[in-house]
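A look at the structure
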Amino acid sequence: MDAQDGDGAPEVLPPPPPVPPDTVPLEAEPEHAPATMKKKAVRVPMGRRGLGSKGQKIPLLTNHFKVNVTNVDGHFFHYSVSVFYEDGRPVDGKGVGRRVIDRVQETYDTELAGKDLAYDGEKSLFTVGPLPRKKMEFTVVIEDVSSNRNNGNCNPSSPNENDRKRQRRPYQSKTFKVEISFAAQIPMQAIANALRGQESENFQEAVRVLDIILRQHAAKQGCLLVRQSFFHNDPRNFADVGGGVLGCRGFHSSFRTTQGGMSLNMDVSTTMIIQPGPVVDFLIANQNVKDPFSIDWAKAKRTLKNLRIKIHPSNAEYRITGLSENPCKEQTFSLKQRARDDEGEAQALELTVYDYFVNYRHIELRYSGDLPCINVGKPKRPTYFPLELCSLLSLQRYTKALTTFQRASLVEKSRQKPQERMRVLSDALKVNNYDAEPMLRSCGISISTNFTQVEGRVLPPPRLKFGNGEEFFPRNGRWNINNKKLVEPTKIERWAVVNFSARCDVRGLVRDLIRIGETKGIHIEPPFDVFDEQPQYRRAPPPIRVEKIFEQIQSKLPGAPQFLLCLLPDRKNCDIYGPWKRKNLADFGIVTQCMAPTRVNDQYLTNVILKINAKLGGLNSVLAIEHSSSIPLISKVPTLILGMDVSHGSPGHSDIPSIAAVVSSRQWPLISRYRASVRSQSPKVEMMASLFKRVSDTEDDGIIRELLLDFYVSSGKRKPEQIIIFRDGVSESQFNQVLNIELDQIIEACKFLDENWSPKFVVIVAQKNHHTKFFQSGSPENVPPGTVIDNKICHPRNNDFYLCAHAGMIGTTRPTHYHVLLDQVGFSADELQELVHSLSYVYQRSTTAISVVAPVCYAHLAATQVGTFIKFEDTSETSSSHGGMTSAGAVPVPQLPKLQENVCSSMFFV
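In this text, all values refer to a predicted model and were calculated from it rather than measured experimentally.

When you go through the chain residue by residue, the secondary structure sums to 20 helices and 39 strands. Residue pairs in contact within the chain that sit at least 24 positions apart in sequence constitute 73% of those at least 6 positions apart. Carbon and sulfur atoms make up 49% of the accessible area of the chain, which amounts to about 41700 Å² in all.

Pairing is parallel across the open sheet formed by four strands, whose spatial order is β27-β25-β28-β29. Lying at the two open borders of the sheet, with one neighbouring strand each, are β27 (530-532) and β29 (591-595). Strand-to-strand twist of the sheet, defined as the mean angle between neighbouring strand axes without regard to direction, takes the value 20°. Looking at chain direction, strand β25 (residues 495-499) and β27 are connected through three bridges and run parallel. Across the sheet, the residue bridging to Val 497 is Val 530, located in β27. Along the sheet, helix α12 (residues 542-556) makes contact with β25, β27 and β28 (563-567), crossing β27 at roughly 145°.

Turning our eyes to something else, we now look at the packing of aromatic side chains. Enumeration over the complete set of coordinates arrives at 25 aromatic pairs. Ring plane angle 90° and centroid distance 5.6 Å describe the contact between Phe 333 and Tyr 356, whose orientation is recorded as edge-to-face. In this pair, Phe 333 is assigned in strand β16 (residues 332-337) and Tyr 356 in helix α7 (residues 353-360), connecting sequence segments 23 residues apart. The buried category is assigned to Tyr 356, whose relative accessible area is 1%.

Here we take up the pattern of salt bridges. Following the criterion strictly, the structure yields 32 salt bridges and no others. When the shortest N-O distance is used, the salt bridge between Asp 823 and Arg 49 registers 3.0 Å. Residue Asp 823 is found in strand β39 (residues 816-823), and its partner Arg 49 is found in the segment before β1 (56-69); the two are separated by 774 residues along the sequence. Residue class for Asp 823 comes out buried when judged on its relative accessible area of 7%. Taking the shortest distance from any N to any O, the salt bridge between Asp 267 and Lys 773 comes out at 2.9 Å.

Further remarks concern helix α11 (residues 506-519). Across its 14 residues, α11 extends 20 Å between first and last C-alpha, which sits within 8% of the 20 Å expected from 1.5 Å per residue. Those residues of α11 that fall on the buried side of the exposure criterion are Val 506, Gly 508, Leu 509, Val 510, Leu 513, Ile 514, Ile 516 and Gly 517. Where the residues of α11 are buried, they touch β25, β26 (523-524), β27, β28, β29 and α14 (602-615). A side-chain oxygen of the first residue of α11 lies 3.3 Å from the backbone nitrogen of Arg 507; this N-cap is Asp 505.

Here we come to the nonpolar core. Core analysis: the biggest nonpolar cluster contains 85 residues, and Trp 495, Phe 726, Tyr 818, Leu 839, Tyr 858 and Phe 909 have the highest contact counts within it. Sort the elements by how many residues they give to this core and helix α19 (residues 854-871) lands first, with eleven residues. Contacts of Phe 726, omitting those with residues within four sequence positions, involve Ile 641, Leu 642, Gly 643, Met 644, Ile 764, Val 836, Leu 839, Val 853, Pro 855 and Val 856. Within the second largest apolar cluster, 43 residues are counted, among which are Phe 282, Ile 284, Cys 390 and Tyr 398.

The bulk of non-glycine residues show a negative phi, and the bulk of peptide bonds are trans. Cis geometry is adopted by the peptide bond preceding Pro 313, which originates at His 312 and carries an omega value of 0°. Residue Pro 669 is bonded to the preceding Trp 668 through a cis peptide linkage, with omega at 15°. Positive phi values are uncommon outside glycine, yet Arg 227 reaches one of about 50°. On the secondary structure map, Arg 227 appears in the loop between β7 (224-226) and β8 (229-231).

A few words now on the side chain of Arg 679. Looking at where Arg 679 falls in the secondary structure, it is placed in strand β33 (residues 674-681). Within polar-contact distance, the side chain of Arg 679 engages the side chain of Ser 677 at 3.2 Å. Once residues lying within four places of it in the same chain are set aside, the contact partners of Arg 679 are Ser 658, Ile 659, Ala 660, Ser 690, Asp 701, Gly 702, Ile 703, Glu 706, Leu 896 and Lys 898.

Bringing the confidence of the model for the chain into the picture now. Summing up the model confidence of the chain, the mean pLDDT is 84 and the portion of residues at 70 or higher is 87%. Contacts for the low-pLDDT stretch residues 20-31, under 50 throughout, to residues beyond four places or in other chains number six contacts. In the model, residues 874-889 has pLDDT below 50 throughout and makes 30 contacts with residues more than four positions away in sequence or in other chains.

Bridge count for β1 against strand β21 (residues 445-458) is eleven bridges, and the pairing is antiparallel. When the sheet's bridge partners are listed, Lys 57 is paired in β21 with Arg 457. Sheet analysis places β1 next to strand β36 (residues 774-775), joined by two bridges and oriented antiparallel. Bridging from a neighbouring strand, Thr 62 pairs with Phe 774 of β36. Relative to strand β11 (residues 261-274), β1 is paired through four bridges, and the arrangement is antiparallel.

Before going further, it helps to spend a moment on the sheet that holds strand β15 (residues 322-327). Here we have three strands laid out as an open sheet, ordered β15-β18-β19, and antiparallel in their pairing. Two strands lie at the open edges of the sheet, namely β15 and β19 (384-385), each paired on one side alone. Sheet topology note: the strand β18 (residues 372-375)/β19 ladder contains two bridges and is antiparallel. Directly across from Asn 375, in β19, lies its bridge partner Tyr 384.

What follows concerns the environment of Ser 664. With respect to the helices and strands, the residue Ser 664 is situated in strand β32 (residues 658-665). Taking relative accessible area as the criterion, Ser 664 reaches 0% and is therefore assigned buried. The sequence separation of Ser 664 and Gly 643 amounts to 21 residues, and the corresponding C-alpha distance is 6.5 Å. Residues contacting Ser 664, with those up to four places away along its chain left out, are Leu 640, Ile 641, Leu 642, Arg 673, Tyr 674, Arg 675 and Leu 707.

Next up on the list: the packing of α11 against α14. Where α11 contacts α14, the two axes come as close as 10 Å, and the packing angle between them is 65°. Relative to α14, the element α11 is oriented roughly perpendicular. Of the two elements, α11 crosses α14, and the hand of that crossing is right-handed. In contact with Leu 509, Asp 512, Leu 513, Arg 515, Ile 516 and Gly 517 of α11, α14 contributes Asp 602, Leu 605, Thr 606, Val 608 and Ile 609. Here the contact of α11 with α14 is composed, by residue class, of six nonpolar, two polar and three charged.

About the thresholds
In this convention, every chain numbers its residues from 1, walking through the sequence in written order. Only residues with pLDDT of at least 70 get local features here, since the model is predicted, and only at 80 or more are side-chain atom pairs given and counted; chain-wide, interface and lining totals rely on the full set of residues. Heavy atoms throughout the structure, all of them, feed into the side-chain values; hydrogens and water do not. For helices the rule is a DSSP run of H or I covering at least 4 residues; for strands it is a run of E covering at least 2, with both sets numbered from the N terminus onward. Residue contacts are defined here by distance: any two heavy atoms, one from each residue, within 4.5 Å place the two residues in contact. In these tables, accessible area is a Shrake-Rupley quantity obtained with a 1.4 Å probe, and a residue counts as shielded only by the protein chains included in the view. A pair of strands is labelled paired if DSSP reports no fewer than 2 bridges between them. Each axis is a line fitted through C-alpha atoms, taken for helices only over the stretch in contact, and angles between the N-to-C directions span 0 to 180 degrees. Only the six-membered ring of Trp is used, alongside the rings of Phe and Tyr, when aromatic pairs are assigned; centres must lie within 6.5 Å, and planes under 30 degrees apart are stacked while those over 60 apart are edge-to-face, with the rest tilted. In this scheme, a residue with accessible area under 20% of its type's maximum is buried, one over 50% is exposed, and one in between is partly exposed, where area comes from a 1.4 Å probe on protein chains only. Any Lys or Arg side-chain nitrogen located within 4 Å of an Asp or Glu carboxyl oxygen qualifies as a salt bridge. Here the expected length of a helix is defined as 1.5 Å per residue gap, with one fewer gap than residues. In protein, a polar contact requires one atom able to donate a hydrogen and another able to accept it; more generally it is a pair of N or O atoms within 3.5 Å, and residues adjacent in sequence count only if both atoms are side-chain atoms. Throughout this description, the term nonpolar core refers to a set of buried Ala, Val, Leu, Ile, Met, Phe, Trp, Tyr and Cys residues connected via side-chain atoms within 4.5 Å. Note on scores: pLDDT gives the predictor's confidence for each residue, bounded by 0 and 100. Angular relationships are summarised with four words: roughly parallel below 35 degrees, roughly antiparallel beyond 145, roughly perpendicular across 65 to 115, and oblique for the angles in between. If you view the pair so one helix is near and one far, a crossing is left-handed when the near helix is turned anticlockwise from the far one by less than a right angle, and right-handed when it is turned clockwise. Residues were grouped as follows: Ala, Val, Leu, Ile, Met, Phe, Trp, Tyr, Cys and Pro as nonpolar; Asp, Glu, Lys and Arg as charged; and all remaining residues, including Gly, as polar.

Encoded structure:
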């Protein structure tokens, strides 16, 4: 993409003469190069221009712990590590590496000059100061390799053979060769420079070494490591969330550079693990069946593959490779017998696995006879064990998507009030005792056990405007609309109810909906009809059910309805939802509202009314400042606000395309009305691919063009002179791509419409996925809504701030971390923070401030809803969807159906 890489001279020519420093070179462009791809500087995230000052000051504590670094003159030495078996094959099994390197350190301490090693478990090893030689080779022997995570090397061909070996020689030993060779050296000075706001290229590397030291510290305690989190094998930290899955609570820890120096950010973290214990208990729970004889073994085989088990009574450990074709009583194998005399050959005896364990090993089997055996061998040389002798080891991650029920259970069980979270973190720091970690000590690093004190400011809430000119100040991030009219109510004259076998009093529901609509200023006529699903289709596949009910609707309705109310039989996200939304929005252009009428009361119906009104083009409330056109820097200059998000398929479904959604504000000077444009793209790709999509010299089929044209038409033929972009879901390592790839596409889309048009841009990334939390000292309450923090623990140079816009009602509030990457408009810190705060109050679905700006929330909703269109199309049982990862971008991406013209500019996603 970078055009400046394009034009290198052939090597045979003499070097060019020196160029004066102020010369701007011209570049030969490819024939079709767009205007914006001419030579240009690479954009980098902007620096901070100042701190905000508005709001009521509030002292806070945060889960950053100060790190003191004294040894800044030394160097980390980076070595690359290769581990081989005796015969020269490389070792690829995870988990072996750490044991091998530990043994190298024990055995060759003198040759290593007594150095402590920080090993990442794979190919990199770090020391403080150099090892005696640049390349070193070692040989080590490790006993009982079969009990580590890689059993592929002891390979017993039958239970008996393995057993005899075990009796003759209790441990199998294995020889490894290790090569350690110098790769690079990293000055510790890089850390000191970063603390002064000067990022050198070695800084990320130096911090990575510190993070590896913490990971190794956790690994030595037998923890499960997941990126920068670690989980102890302590049943007190396990919470059963159903289906044989446990939530396991652990800790995230990472080093951060901040304005106040370096800190260790430590937080409570949760991962999902498989329920340890008997394999059969796990399968019964996982498949929700009564007994082992009801288990679906094809499904069980997929679920169990690669899990690690322990065998009773020998306690040997293996990895599951599959299941036997036949039940234990019928599955045979060849048992080699010792010859009776010296001359004779060993006789092979055909035996069932069941007979072998019961008659030869004298192990009682209660129920395994009629069930498949667990196979831990190679495809050509299986090794079988009866099911009831196998137990799953603890701390094995469960990586599939959780069900709605599991997710709800996890949320409920992992909540922690602020004070409890602080206590757990304080205890963890004491238990970890990082000051005793030898590598940290040799770097001169000590970590405080006190929470860092910061100063926050509580911004006042924006004033809201409702119907009849009524204005209102929210309190504690919430407002009540019981006696208020909506600011722009719609009229609903043509509508119908579709009932997918939901058990409820439909007439009563309709009556209540009309009554509550009236109190909000919405006039709702009685529905044209109620279409009940015919009983014979209730068990049909979801798309068929939708098709059949639409046949009824089309035969009876005189014309297209304004909207359809759809009653789902169970939870909101049931299987009908995707096909139903697709049929309505893409095929017919009908706005639809789904509800699962299980617990219906006036509060619930009020929320439904808010959504219907917003979808049909009404407005529930607006900010007083947008109504009076007094938003700083926005009300006076046509301004487009974009929210951008990419949603990815659930874990294990690597072939489901990612969905990119961009929502855009319309009808400037409003900032409360939005529309969405959504496209599919390659799975797991975070950068948006179709912002600008040149089809021909005059045609661009990208997302941005569609949204720019809508803004122009809906805002009185005004082009936006300012474009404010809120980008969700990218990490710091991707900021430069957002600034240089995505923003370039947006600029190209603008230039494609009008070569001379150069709007000003503001680019802000919103991150929820971080581990910084804030606490009120001595108070059990969460921080008040509107709390903003832009000092001390923020970035030493970049322009970032934390905002808790919402009232955290349960658990501990998670602030949103906003990074301002670019600001060509020239907002002051206060103006920008107030704008972001205000945009947390324009979310039309709720009567509370939300935790992240509305355009980002809407983009997420639009991506998720349109993503359900393709969820049920031949992707459910494809071969690669069961944990098989394909490389990003390798799959042809099914295109999403286009939404009908009359709904694509609506807020169909709310």
